[in-house]
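# Structural overview
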Amino acid sequence: QVQLVESGGGLVQAGDSLRLSCVASGSPVSWYSMGWFRQDPGQEREFVASVAWNGVETLYAESVKGRFTISRDDAKNTVYLQMNRLKPEDTAVYYCAARRSSRASSLEYHYDSWGQGTLVTVSS
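Residues numbered from 1 in each chain as written. Predicted model: local features only at pLDDT ≥ 70, side-chain atom pairs only at ≥ 80, totals over all residues. Heavy atoms only, no water.

### Observations concerning the side chain of Ser21
- By the secondary structure assignment, Ser21 is in strand 3 (residues 18–25).
- On the basis of relative accessible area, Ser21 is assigned to the buried category, the value being 17%. (Helix = DSSP H or I, 4+ residues; strand = E, 2+ residues; numbered from the N terminus. Buried < 20%, exposed > 50% of the residue type's maximum accessible area, 1.4 Å probe, protein only.)

### A few points about the state of the cysteines
- This model, assessed by the stated rule, comprises one disulfide.
- Across the disulfide from Cys22 sits Cys96; the S-S distance is 1.9 Å. Between Cys22 and Cys96 the disulfide shows an S-S torsion of about 55 degrees. By sign, it is right-handed. With Cys22 in strand 3 and Cys96 in strand 9 (residues 92–99), this residue pair connects regions lying 74 residues apart in the sequence.
- Taking relative accessible area as the criterion, Cys22 reaches 1% and is therefore assigned buried. (Disulfide = S-S within 2.5 Å.)

### Some words on the sheet that holds strand 7 (residues 68–73)
- Within the open sheet, the four strands sit side by side as 1-3-8-7. Their pairing is antiparallel. For this open sheet the edge positions go to strand 1 (3–7) and strand 7, each flanked by a neighbour on one side alone. On average, adjacent strands in this sheet sit at an angle of 15 degrees to one another, irrespective of strand direction.
- Here strand 1 pairs with strand 3 via five bridges, running antiparallel. Residue pairing in the sheet places Val5 in a bridge with Val23 of strand 3. (Pairing = 2+ DSSP bridges. Axes fitted to C-alpha atoms, helices over the stretch in contact; angles between N-to-C directions.)

### A look at the pairing of strand 8 (residues 78–83)
- Burial analysis of strand 8 places six of its six residues in the buried class, which makes it a mostly covered element.
- Here strand 8 shows no split at all, with Thr78, Tyr80 and Gln82 on one side and Val79, Leu81 and Met83 on the other all buried.
- Here strand 3 runs beside strand 8; their pairing, made up of six bridges, is antiparallel. When the bridges of strand 8 are listed, Leu18 appears paired with Met83.
- Direction of pairing for strand 7 relative to strand 8: antiparallel, over a ladder of six bridges. Considered in strand 8, the bridge of Asp73 is made with Thr78.
- Hairpin geometry of strand 7 and strand 8 is characterised by an intervening segment of four residues between the two adjacent antiparallel strands and by a positive phi of about 50 degrees at Asn77.

Worth remembering: the numbers are spatial, not functional.
Listed below in structure tokens is the structure:
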């Protein structure tokens, strides 16, 4: 399966911004729709954002809509998550994921490959 590696996490204060990156290898990322999920310790993994294979269709969780933007650069085999106006409740390990479909999806079971995660910590 395609290998995914996230980066860009860190420790920030509420209101700050971060850009997460997910670099794919093994298969062209253009063959996949992509998603971002997050998980806090002791909690279920939850959907954050998804972008379709053509980069046009996007989906966002209500909790991040208007603050986060998912995008892709297929020439670089990279998917991004721009996170603005971060809140303490955004603290989590963020994972990127790929699915062999043309459509974006918020459903975790639709995804075939997962990265190792990158930690985002937002202090108040």
